[in-house]
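# Observations on chain architecture
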Amino acid sequence: MSLFRGINLTSSTTIWTVGVLVVVFAVVAAVLLPLTLPTAARRSPARTGGATDAPDPSDKATSHGSGGRTIGPVLGHGLKAAGRYSARAVLFTVPVLLVVALGGLLINRPMHYVRTFGDVIEAAAPHTQGASRVTPLPDASAYDAVPAEAWKASFQDAGNGSQEATWTGPVSGITLPVRVVLPSGYRPDDGRTYNVIEAIHGWVGDPQSVVTGMSSSKNLQAAIDAGRIPPSILVIPSVNVDGSQHDCVNIAGRPPVETWTAEEIPRMIQASFPNVTTQRAGWMLMGISAGAYCAARTAYDVPQRFGSVGVLSSFDSPGEGVLAHGGKQLQSENTMSTMLGRRTPDGMRFYVMGAQDDSTGSARAAWFMQDAVQRPDSVTIDTPRQGGHSWVLWNDRLPSLLTWWGSDPAVFAAAGLPAPDGDAWAGAKAAGIKPPTQTPKDQRTAGSPSPMRADVFELNGLGTIIVSAVASLAAAGTVLVWAPCWGRRRDGAKPSTARLGGAIVGRFAAVVVAASLIAVTAGIGVNASGGFYTSWRDLRASVRVNDNAGK
């Protein structure tokens, strides 16, 4: 079982293996489907009028009711027909499941939502935790007592312009991979001072998903080269401490994930890359989806460390983990906007982005935070009308976040550099970077449009759902009802080899097409329920992002 759970879902070997299995089982179905026909129909279709399940003369009376009435032929035919259709269903269902799995693997590979089959099991049935008590971060003395060498990590090239190390937090005891993206030409002795961006991935996800899905290496270097931000290091720690949803904070009885993200990761970066800034203004904490909530929630607890926070598509109230499921009071106490309004303002800057058609209500969270903030804290909101809850949106808005961050002269001062002259957004807009969308209150909407409200043939539109469902049912019906009969001669004569071969090829194509249509329909349904992509345009853009990520 452990071997099965350890199957790598991002490897080419796994994907090719599933692809080969699709072909093999589609061929098996194409060859065996005719054997599910009644014996008489296989001998002479003319005798059954072309029906695939007419009563079989071989059905014998097997039992009698009271009074000697024969019920065996009827019962026997019914059982045989049920067996035949069950066999067809099995022959067809296996390729369908394999095609769905292949589609999932192809989507997962560039994004790294999950790495192994064990991750899928844990995500589908996350651990439930009885504890719901938030515990404070350890005192500074706990970190000061750690030997200096224990804070250093050894990073190795991981592709996509990033490096990776598996490191153990000396206080938390958490051992997880950490990715870093370094600017071009970085050296620890190059005489420059580097700012730091710590990014927290969503659930499910991992550091690689942030590197790939947001084209992080390319976008970071472009912002540095254009002078929109000073030279900076991006660090992405894994927060998958177990199979449960993210908690963001330390929970009694669970791995202390906030100790890891708020204290240990920054200390490790400072020890491993000694020329990073120590000034608060030069450190930004950001996140996407569930990681966006964690970024804000963590920054509230360590305001002395992070001067800026990037919140990309977050819910306002906790939506995952113990904070979400530990009771209404705990959830209310940890609502993002409520905590912002209650904290002692100290000049922390927030960039809060959420598309208005995001089903998680991230635009509403941005507006709540804008209403709750107290000066000298500040909130810049960015609430585009479309974008859903997708990598396309986050990849598109990462340059905007970086531009916003660098628009504060203190960010450059933290790196020992003068801030650029003029309006930071003027050059950015000329380069195609979108400025924050400030939506007037009378034009605000929130939530993914239902199929009834969406454009008829848009990705989540009712017309698209109906057409895909009808096409899937028609294709499945063709495979289950008509395809077994292909290749027979109506006069009952023996078909030629070419005719039989053509029928097998036709059934193979029908099985593959039907399975693909069912997989597409399932994908459309999952997307509509989750509100991830809300337009065909975003879906096409996502394919381009996946193809070009990290290049």
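Structure: above.
A brief structural summary.

Conventions we followed
Residues numbered from 1 in each chain as written. Predicted model: local features only at pLDDT ≥ 70, side-chain atom pairs only at ≥ 80, totals over all residues. Heavy atoms only, no water. Core = buried A, V, L, I, M, F, W, Y, C linked by side-chain atoms within 4.5 Å. Buried < 20%, exposed > 50% of the residue type's maximum accessible area, 1.4 Å probe, protein only. Helix = DSSP H or I, 4+ residues; strand = E, 2+ residues; numbered from the N terminus. Contact = heavy atoms within 4.5 Å. Axes fitted to C-alpha atoms, helices over the stretch in contact; angles between N-to-C directions. Parallel < 35°, antiparallel > 145°, perpendicular 65-115°, else oblique. Left-handed = near helix turned anticlockwise from the far one by under 90°. Nonpolar A, V, L, I, M, F, W, Y, C, P; charged D, E, K, R; others polar. Disulfide = S-S within 2.5 Å.

## With respect to the nonpolar core
Counting 63 residues, the largest nonpolar core has I269, F273 and F350 as its most contacted members. For this core, the leading source of residues is helix 10 (residues 290-301), giving 8 residues. Here I269 is in contact with V180, V196, V235, V276 and W283, once residues within four sequence places are set aside. Residues I229, I236, M353 and L459 belong to the second largest nonpolar core, which totals 34 residues.

## Thoughts on the packing of helix 18 (residues 462-482) against helix 19 (residues 497-530)
Their axes nearest at 9 Å, the elements helix 18 and helix 19 cross at an angle of 150°. When the interaxial angle is binned, helix 18 and helix 19 end up roughly antiparallel. The element helix 18 and its partner helix 19 pack so that their crossing is left-handed. Residues T464, I465, S468, A469, A471, S472, A475, A476 and V479 of helix 18 form the contact with helix 19, whose own contacting residues are A510, V511, A514, L517, I518, T521 and I524. Here the contact of helix 18 with helix 19 is composed, by residue class, of 12 nonpolar, 4 polar and no charged.

## Things to note about the state of the cysteines
All told, the structure shown has 1 disulfide when counted by the stated rule. Two residues share a disulfide in this structure: C248 and C294, whose sulfurs sit 1.9 Å from each other. On the sign convention where negative means left-handed, the S-S torsion of about -65° between C248 and C294 marks this disulfide as left-handed. With a gap of 46 residues between them, C248 in the loop between strand 5 (232-237) and helix 9 (257-272) and C294 in helix 10 connect regions that are remote in the sequence. Like C294, C248 is buried.

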